[in-house]
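Next come the chains, spelled out residue by residue.
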There are 4 protein chains.
Amino acid sequence: MRIGVLTSGGDCPGLNAVIRSVVHRAVVDHGDDVIGFHDGWRGLLEADHRKLDLDAVAGVLATGGTILGSSRVRPEQLRDGVERARENVAALGLDAVIPIGGEGTLKAARLLSDAGLPIVGVPKTIDNDIASTDVTFGFDTAVGVATDALDRLKTTAESHQRVLIVEVMGRHTGWIALQSGMAAGAHAIVVPERPFSVDELTEVVGRRFAAGKRFAIVVVAEGAKPRPGAMDFETGGTDVYGHERFAGVARQLAVELERRLGKEARPVILGHVQRGGTPTAYDRVLATRFGWHAVEAAHGGAFGMMTALRGTDITLVPLAEAVEHLKTVPAERYAEVDCVL
Amino acid sequence: MRIGVLTSGGDCPGLNAVIRSVVHRAVVDHGDDVIGFHDGWRGLLEADHRKLDLDAVAGVLATGGTILGSSRVRPEQLRDGVERARENVAALGLDAVIPIGGEGTLKAARLLSDAGLPIVGVPKTIDNDIASTDVTFGFDTAVGVATDALDRLKTTAESHQRVLIVEVMGRHTGWIALQSGMAAGAHAIVVPERPFSVDELTEVVGRRFAAGKRFAIVVVAEGAKPRPGAMDFETGGTDVYGHERFAGVARQLAVELERRLGKEARPVILGHVQRGGTPTAYDRVLATRFGWHAVEAAHGGAFGMMTALRGTDITLVPLAEAVEHLKTVPAERYAEVDCVL
Amino acid sequence: MRIGVLTSGGDCPGLNAVIRSVVHRAVVDHGDDVIGFHDGWRGLLEADHRKLDLDAVAGVLATGGTILGSSRVRPEQLRDGVERARENVAALGLDAVIPIGGEGTLKAARLLSDAGLPIVGVPKTIDNDIASTDVTFGFDTAVGVATDALDRLKTTAESHQRVLIVEVMGRHTGWIALQSGMAAGAHAIVVPERPFSVDELTEVVGRRFAAGKRFAIVVVAEGAKPRPGAMDFETGGTDVYGHERFAGVARQLAVELERRLGKEARPVILGHVQRGGTPTAYDRVLATRFGWHAVEAAHGGAFGMMTALRGTDITLVPLAEAVEHLKTVPAERYAEVDCVL
Amino acid sequence: MRIGVLTSGGDCPGLNAVIRSVVHRAVVDHGDDVIGFHDGWRGLLEADHRKLDLDAVAGVLATGGTILGSSRVRPEQLRDGVERARENVAALGLDAVIPIGGEGTLKAARLLSDAGLPIVGVPKTIDNDIASTDVTFGFDTAVGVATDALDRLKTTAESHQRVLIVEVMGRHTGWIALQSGMAAGAHAIVVPERPFSVDELTEVVGRRFAAGKRFAIVVVAEGAKPRPGAMDFETGGTDVYGHERFAGVARQLAVELERRLGKEARPVILGHVQRGGTPTAYDRVLATRFGWHAVEAAHGGAFGMMTALRGTDITLVPLAEAVEHLKTVPAERYAEVDCVL
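The shown structure was predicted, so the numbers you read here are calculated from the model rather than taken from an experiment.

**Observations regarding the overall build of chain A**
Broken down by element type, chain A carries 11 helices and 11 strands. Scaling as 2.2 N^0.38, a compact globule of 341 residues should have a C-alpha radius of gyration of about 20 Å, and chain A matches this with 22 Å. The C-alpha extent of chain A, read off along each of the three principal axes, is 70 × 35 × 35 Å. Counting across all 341 residues of chain A, residues that qualify as buried make up 65%. Taking the intrachain contacts of chain A between residues at least 6 apart in sequence as the baseline, contacts between residues at least 24 apart amount to 75%. Just so you have it, chain A exposes about 11100 Å², and 48% of that area is on carbon and sulfur atoms. A distance of 4 Å separates the average location of the 37 positive side-chain charges in chain A from that of its 44 negative side-chain charges.

This is the structure in structure tokens:
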């Protein structure tokens, strides 16, 4: 068999572990040839690729980033490229293509699959927002990095008698905020799924100070939004250049909380550090299993499918199902944590 | 409600997170009283306990060990103490007892439950060998510690051009060996479920050197045993004092591999470092959820049950079911890793 | 002997290790009494204190923060309180006071010492800007945290083909920027000691892209300032609330570099995470030695002095000397790193 | 200029950082050519080498091991090879050779230097036992790894109410034992410089239990020896194969302490994990500075010298001086720690 693999979308710890696993399983066990496309879908569309043998993946299991490079893609872009993708797959003699990526990538993968290309997807998201799989690789590492930071920030908040508002990743869902907040014992957790009220947050934090505590840690997902009418500011805002992109909800909440509580409040924006670097053991194992099962799916002709974790098993689910909706944090998980607003 | 909690058996990262979670849920949300028994079952049998309020569990979420102390117990010992346990539960006015522990503890818990005491168990094992739950807290931390060590040992093995035989925990099952070996890219993994042949191991490692590699990492679970007749030594053995306890399979394999391969081989025995210290974020979240759901079970009158993880949900399973058999690594997991003997 | 100890100023990993060491040396070896003042100088001025025995410092060696609390102080404030400090020292029967803190604290300490109080200072600064000592505790931890973050950010910058501008602590000196930048192999390092030119930085980063590299990491100390006339913006600036405090040099450099280079550039502001949490082994040892030697100094009557590291020895230096000037990065250290602007 | 570089002796975190720094300084700043010899002195004697340009050292700063390979050497072996070394240096047109290694390597380096070869040494030892330099790279990482392990072991010792005897590296000196023991708050530290008495150790640990504590951590350097006549066993001993090499002092002390104290005592032998893997920021900076200054020394014609850290400065010291004696822990450092026997 001849297999192409590519990585697409944002950085995510475990990408290299998947690539390595695909190569090991395919080359060693099946005697396949494997090629890697450069920079995600671009590589497929431009037939920009290289051979991946065992030497090519030596030493990459524990590394962050992706040896193949990546790029972001909008599914529409792929739509225009279906024919070129088909031609390149044919010209390169590929029996299967394994794209590794997030929601956008999987939508693009579905599009190609619907057009008849032999696709097996591997889901990737540090945000944990892909439906149909219990979890994907990268998320555990992101939560671990955020939790380490929260552990450190706790002593600082306490020494300085401050409120720290710590912004973690999660544009549409609160998974990282929830898990790292639970893991570090945050005093309030603010998530996109539940638009917040500053009054309510002020009350939660204020109650803590009233009880004699000297500091508080609030974890807020970057995508958290105020409840309509509940706050007198817009998330986003502009910086000194009239540039919107760097403004964050944590900075604004810090200003509000300080004003209302009369306590020093400071924002900490963890940022990109959550999505880079060496994956946790958990993520390396999951990524390795995904790669192994993607190759098996290709050999079994299970195209149009995506690898998924269900309990302790790796299964295959239709790409169509995976991209139907985002996986948000369910109500029963919130119920377990008093401090989610 | 009035709830007693105890921790029993070996050290396991996440015990304090469970205790803290039980207290938070019970005291804050239900207005319960919680007491903690000292040193596991001994505390229950001797009514040696202390009140657990919020202050008592402040700052313990991320700590290893157990603030209540622990002791090992054989279920038979409990058998003789059922009446004293019953008396103490009555005298202390307890509506529920939550023992947190491994196989032995859960067997004892079942015994007390069968005798009519209001028990809700919480499973604990770094070895991941308790049936009925996908995984328990402590395991992820143990795998993480072992993987970190393997990452470090790789460069040393390579620089010294050696075979390193790394012994990890797992008396009856190969879970830690399998997961850490996968995560670190070990070249052979030896597990208790599959008695090994030294000839076969020699061949696997020898093939690697024949292919031009300069080092090899073998991960071996402490409980690994030679295939009958396949090796001319007994695991265990005696040390200079005629003392059996320190001998390990890794030391003996190192001697054998060095002799047969003509390459320097060295044992590394990771030991207790795998079961102590701060839990990973994953384990803290799981432990916290287990504590929360144990309190809910108590309030719901679901006695004789144990908390369990199934997929992403916490469920309750009968204690009877949990202790029926050890959860060994299934064949399909081995199939995913070429290097498991 | 009767000794008082206090911690003052910002959080710094190792404060508790000093306190513990003072108690161990004084109580166990000399049979002294030790008391701790709460919240820094405030505790001394208000005689707000508690007894510190071995139990009080059990388990704190590896913890961040300070068990005594802290507060910031301006030396002028102390000036007005010299008499109250003297009265309290007398009333409490103290033979020595050991303040642990940074530049402000040591200036205050000198003031009290000049007024005749029996003071032995212990220097503390994560910024490494205190003269007369090779280094102080806290700095190694801060550099380690920053380096870990930079290691992670590298893979992300590479995957996303971006310039990342990483802001680290250092209001007046570039020590953290220099050491973490060297440790992580940053491509440019911007420090307060050398006002920067955006043109020059653009050129340095641009040259890297011209040579075919796909990403760049720039480390910038928070106190870095543009060379007069060399940049068309002011550091600082205001946010959506007209609030100055959250604006940072990294954000502005990111905007500038993106505009000039035509490459995505993003700021990452590490913030408080650098000054909290468990200290490195290096910092714990140094802090422990400082505590031990501070007690010896007190017993030797060496008042008006401060503990200092010189090579591998702990020595005593006059407080007067320590606070004379900030310790900036010397030119020969810059020469070792091509990429310092 | 044309420079050859080699790494010799045991693994040590930071070797690659030195190599990289030599290449960066020599190639970028001086326009030199650099070659690397394979497997230490063997590479020099057999002229087995490769070109080292910027690409060759890309990404190695934070990696453990050595990209050039290593081998152990006895200075006598070099004696016989002086002529071949001289011929190869001439044939390859080398103006300088930079060997990076420990005591044995530096002795060999001195021998070649005395024979007129242009040598600049870089000291390397995780044991910190090289005289003439305050410290070398690798040591901080080893202490960090040992301290992390001790932190974890503490909770396990406490939960199990045990004595843990933790054996760390240090064949001739107690530096790692002293620093990690101080950093982790060990209850007794046993070092090679002070032959121990089991009676005394039993008394120290026993006193702790008598004071109501439930566990104890003893750190022992691998090279620790009993005081003559003070113990009824020989360190070393034989294992089941009559093989001496795996027996360790920690195992024997555990047996003795358990017998005398009536408390469970267990050995933990940290082993090779202390010398592999990614270096700390401290070690990366020191290694980078050593590489930079070695190149400067070569350009300045300062042959027969070795780089050294003195305070915060990198200086050059004669190789002759560096190998005169081992740097043992001085008495005043022991005095700072009550628990060193």
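**Thoughts on the sheet that holds strand β5 (residues 120–123) of chain A**
Residues and elements named next belong to chain A. Taking strand neighbours across the sheet as the criterion, the seven strands line up as β3-β2-β1-β4-β5-β10-β11 in an open arrangement whose pairing is mixed. For this open sheet the edge positions go to β3 (49–51) and β11 (313–318), each flanked by a neighbour on one side alone. Mean inter-strand twist for the sheet, computed between neighbouring axes without regard to direction, equals 30 degrees. By the bridge criterion, three bridges tie strand β2 (residues 33–37) to β3 in an arrangement that is antiparallel. Residue pairing across strands places Ile35 opposite Lys51, the latter belonging to β3. Contacting β1 (2–7), β4 (96–101), β5, β10 (305–310) and β11, helix α9 (residues 281–299) crosses the sheet at an angle of about 140 degrees to β10.

**Some thoughts on the domain arrangement of chain A**
Residues and elements named next belong to chain A. Split into domains, chain A comes out as domain 1 (2–138 + 279–322) and domain 2 (142–275). The centre of domain 1, based on its C-alpha atoms, is set 35 Å off from the matching centre of domain 2. Listed per partner, the contact involves nine residues of domain 1 and nine residues of domain 2. Surface buried jointly by domain 1 and domain 2 totals about 770 Å² across both partners, of which 48% is contributed by carbon and sulfur atoms. Across the domain 1-domain 2 interface, the total number found is zero salt bridges. On the surface where domain 1 and domain 2 come into contact, there are three residue pairs in polar contact (both at pLDDT 80 or more). Residue composition of the side of domain 1 that touches domain 2, grouped by class: three nonpolar, three polar and three charged.

**Some points on helix α9 (residues 281–299) of chain D**
Residue and element names in this part refer to chain D. Counted at 1.5 Å a residue, the expected span for α9 with its 19 residues is 27 Å, and the 27 Å between its end C-alpha atoms agrees. Counting buried residues in α9 gives 16 out of 19 residues, a clear majority hidden from the surface. Phi turns positive one or two residues past the end of α9, at Gly301, with a value near 70 degrees.

**Points about the sheet that holds strand β4 (residues 96–101) of chain B**
Think of a sheet as strands paired side by side through backbone hydrogen bonds, with each pair either parallel or antiparallel. Residue and element names in this part refer to chain B. Taking strand neighbours across the sheet as the criterion, the seven strands line up as β3-β2-β1-β4-β5-β10-β11 in an open arrangement whose pairing is mixed. Across the chains shown, the open sheet's two edge strands, defined by having one partner strand only, are β3 (49–51) and β11 (313–318). The sheet shows a mean angle of 30 degrees between the axes of neighbouring strands, taken without regard to direction. Pairing of strand β5 (residues 120–123) with strand β10 (residues 305–310), which is carried by two bridges, proceeds in the parallel orientation. The residue of β10 that forms the bridge with Gly121 is Met306. Across the sheet, helix α4 (residues 103–114) lies against β4, β5 and β10, angled at about 160 degrees from β4, the strand it touches most.

**Topic: the interface of chain A and chain B**
Between chain A and chain B, the residue contacts involve 32 residues of the former and 32 residues of the latter. Interface area, chain A with chain B, both sides summed: about 2500 Å², of which 52% is carbon and sulfur. It is Met182(A), Val285(A) and Glu336(A) that lose the most area in chain A upon contact with chain B, and together they represent 20% of the buried surface on that side. Seen at the junction of chain A and chain B, the total is four salt bridges. In this structure, Arg289(A) and Glu336(B) form a salt bridge, with 2.8 Å as the shortest nitrogen-oxygen distance. Where chain A touches chain B, the interface holds 10 residue pairs in polar contact (both at pLDDT 80 or more).

**A few points about the UniProt feature "binding site: Mg(2+)" (unreviewed entry) in chain A**
Residue and element names in this part refer to chain A. Here, UniProt's "binding site: Mg(2+)" (unreviewed entry) annotation points to Glu103. Relative to the helices and strands, Glu103 is located in helix α4 (residues 103–114). Classification of Glu103 as partly exposed rests on a relative accessible area of 32%. Those residues in contact with Glu103 that sit more than four places away from it in its chain are Ile130, Val323 and Leu326.

**Topic: the relation of the copies chain C and chain A**
Taken as rigid bodies, chain C and chain A are interconverted by a rotation of 180 degrees and an axial shift of 0.0 Å, the fit giving an RMSD of 0.0 Å. The relationship between the two copies is best expressed as a two-fold rotation axis. Residue by residue, 100% of the interface of chain C is reproduced at the interface of chain A, so both copies engage with the same surface.

**Focus on the confidence of the model for chain A**
Residue and element names in this part refer to chain A. The predicted model of chain A averages 92 in pLDDT, with 94% of residues at 70 or higher. Note on residues 234–246: pLDDT under 50 across the span, and 39 contacts to partners over four residues away in sequence or across chains. Here the prediction assigns the complex a pTM of 0.95, and the interface score ipTM is 0.94.

**Considerations on the relation of the copies chain A and chain B**
With an RMSD of 0.0 Å, the fit of chain A onto chain B corresponds to turning through 180 degrees and sliding 0.0 Å along the axis. Taken together, the interface assignments show that 100% of the residues at the interface of chain A recur at the interface of chain B, consistent with an identical surface on both copies.

**Remarks on the UniProt feature "active site" (unreviewed entry) in chain A**
Residues and elements named next belong to chain A. UniProt records the feature "active site" (unreviewed entry) at Asp127, using the numbering of this structure. Note on placement: Asp127 falls in the loop between β5 and α5 (139–160). Discounting residues that sit within four places of it in the chain, Asp127 has contacts with Phe139, Met169, Gly170, Arg171, Thr173, Trp175 and Ile176.

**Things to note about the nonpolar core**
Membership of the largest hydrophobic core comes to 141 residues, with the highest contact counts inside it found for Ile98(A), Phe137(A), Ile217(A), Ile98(C), Phe137(C) and Ile217(C). Other than its neighbours up to four places away in sequence, Ile217(C) contacts Leu150(C), Leu153(C), Lys154(C), Ala157(C), Leu164(C), Val166(C), Ala186(C), His187(C) and Ala188(C).

**What about the pairing of strand β10 (residues 305–310) of chain D?**
Residues and elements named next belong to chain D. One ladder, built from six bridges, connects β10 with strand β11 (residues 313–318); its direction is antiparallel. Among the inter-strand pairings, Met305 is bridged to a residue of β11, identified as Pro318. With antiparallel pairing between neighbouring strands as the criterion, β10 and β11 make up a hairpin whose turn holds two residues, including Gly311 at a positive phi of roughly 65 degrees.

**Details of the pairing of strand β6 (residues 163–168) of chain B**
All names here are of chain B. With six of its six residues buried, β6 lies for the most part within the structure. Sheet topology places β6 next to strand β8 (residues 216–221); six bridges connect them, and they run parallel. From the neighbouring strand, Val163 faces β8, where its bridge partner is Ala216. Taken together, the five bridges between β6 and strand β9 (residues 265–269) define a ladder with parallel strand orientation. In the strand pairing of β9, Glu167 is matched with Ile269.

**What about the pattern of salt bridges?**
Evaluated as defined, the whole model comprises 96 salt bridges over all chains. Close ionic contact of Asp39(A) with Arg214(C) constitutes a salt bridge, the shortest N to O distance being 2.7 Å. Of this pair, Asp39(A) sits in the loop between β2 and α2 (41–45) while Arg214(C) sits in the loop between α7 (198–210) and β8 (216–221), each in a different chain. By relative accessible area, which is 9% here, Asp39(A) ends up buried. Overall, the relative accessible area of 36% leaves Arg214(C) in the partly exposed class. Among the charged side chains, a salt-bridge network with shared partners connects Asp39(A), Arg42(A), Glu46(A), Asp48(A) and Arg214(C).

**Details of the arrangement of the chains**
Separated in space, chain B and chain C share no contact, their closest pair of C-alpha atoms being 11 Å apart. The two units chain A and chain D never meet; even their closest C-alpha atoms stay 11 Å apart.

**Section: the interface of chain C and chain A**
With 48 residues of chain C at the contact, the number on the chain A side is 48 residues. Between chain C and chain A, roughly 3800 Å² of surface is buried when both sides are summed, and carbon and sulfur atoms account for 55% of that area. Counting across the interface, chain C meets chain A through two salt bridges. Looking at the side of chain C that touches chain A, the elements that each hand over two or more residues are α5 (139–160), α8 (249–261) and β9 (265–269) of chain C. Its residues assigned to classes, the side of chain C that touches chain A shows 15 nonpolar, 20 polar and 13 charged.

About the thresholds
- Every chain's residues receive numbers from 1 upward, in the order its sequence appears when written.
- Both sets of labels track the order of writing: A upward for chains, 1 upward for ligands.
- The model is predicted, so local features are restricted to residues of pLDDT at least 70 and side-chain atom pairs to those at 80 or more, both for listing and for counting; the totals for chains, interfaces and linings are taken over all residues.
- Side-chain numbers come from the whole structure's heavy atoms, not from hydrogens or water.
- Strands are runs of DSSP state E lasting at least 2 residues, helices are runs of H or I lasting at least 4, and numbering of each runs from the N terminus.
- This radius of gyration counts C-alpha atoms alone. The globule rule is 2.2 Å times how many residues there are, raised to the power 0.38.
- Throughout, exposure labels follow a simple rule: accessible area from a 1.4 Å probe, protein chains only, divided by the maximum for the residue type, with under 20% read as buried, over 50% as exposed, and the rest as partly exposed.
- Residue contacts are counted whenever heavy atoms from the two residues lie within 4.5 Å of one another.
- Using a 1.4 Å probe, accessible areas were evaluated by the Shrake-Rupley method; residue-level cover was limited to the displayed protein chains.
- In this count, Lys and Arg are taken as positive residues and Asp and Glu as negative ones, while His and the chain termini are left out.
- Taken as the charge location is NZ of Lys, CZ of Arg, CG of Asp or CD of Glu.
- In this description, strands pair whenever DSSP reports at least two bridges between them.
- Axis definition: a line fit to C-alpha positions, over the contact stretch in the case of helices; interaxial angles, taken between N-to-C directions, run 0 to 180 degrees.
- Domain start and end points were adopted from an automatic or database domain assignment.
- By buried area we mean the combined loss of accessible area, with a 1.4 Å probe, across both parts when two parts are placed together.
- Here, a salt bridge means any Lys or Arg side-chain nitrogen found within 4 Å of an Asp or Glu carboxyl oxygen.
- Think of a polar contact as two N or O atoms within 3.5 Å of one another; within protein, one of them needs to be a possible hydrogen donor and the other a possible acceptor, and neighboring residues in sequence only count if both atoms come from side chains.
- Any residue that is not Ala, Val, Leu, Ile, Met, Phe, Trp, Tyr, Cys, Pro, Asp, Glu, Lys or Arg is counted as polar, Gly included; the first ten are nonpolar and the last four charged.
- A helix is expected to span 1.5 Å multiplied by its residue count minus one.
- UniProt positions are given in the numbering used here, feature names are shortened, and annotations may be inferred rather than shown by experiment.
- In this comparison the copies share one frame, found by least squares on the C-alpha atoms of residues holding pLDDT of at least 70 in both.
- A score between 0 and 100, pLDDT records how confident the predictor is in each residue.
- Buried Ala, Val, Leu, Ile, Met, Phe, Trp, Tyr and Cys residues that are joined via side-chain atoms within 4.5 Å together make up what is termed a nonpolar core.

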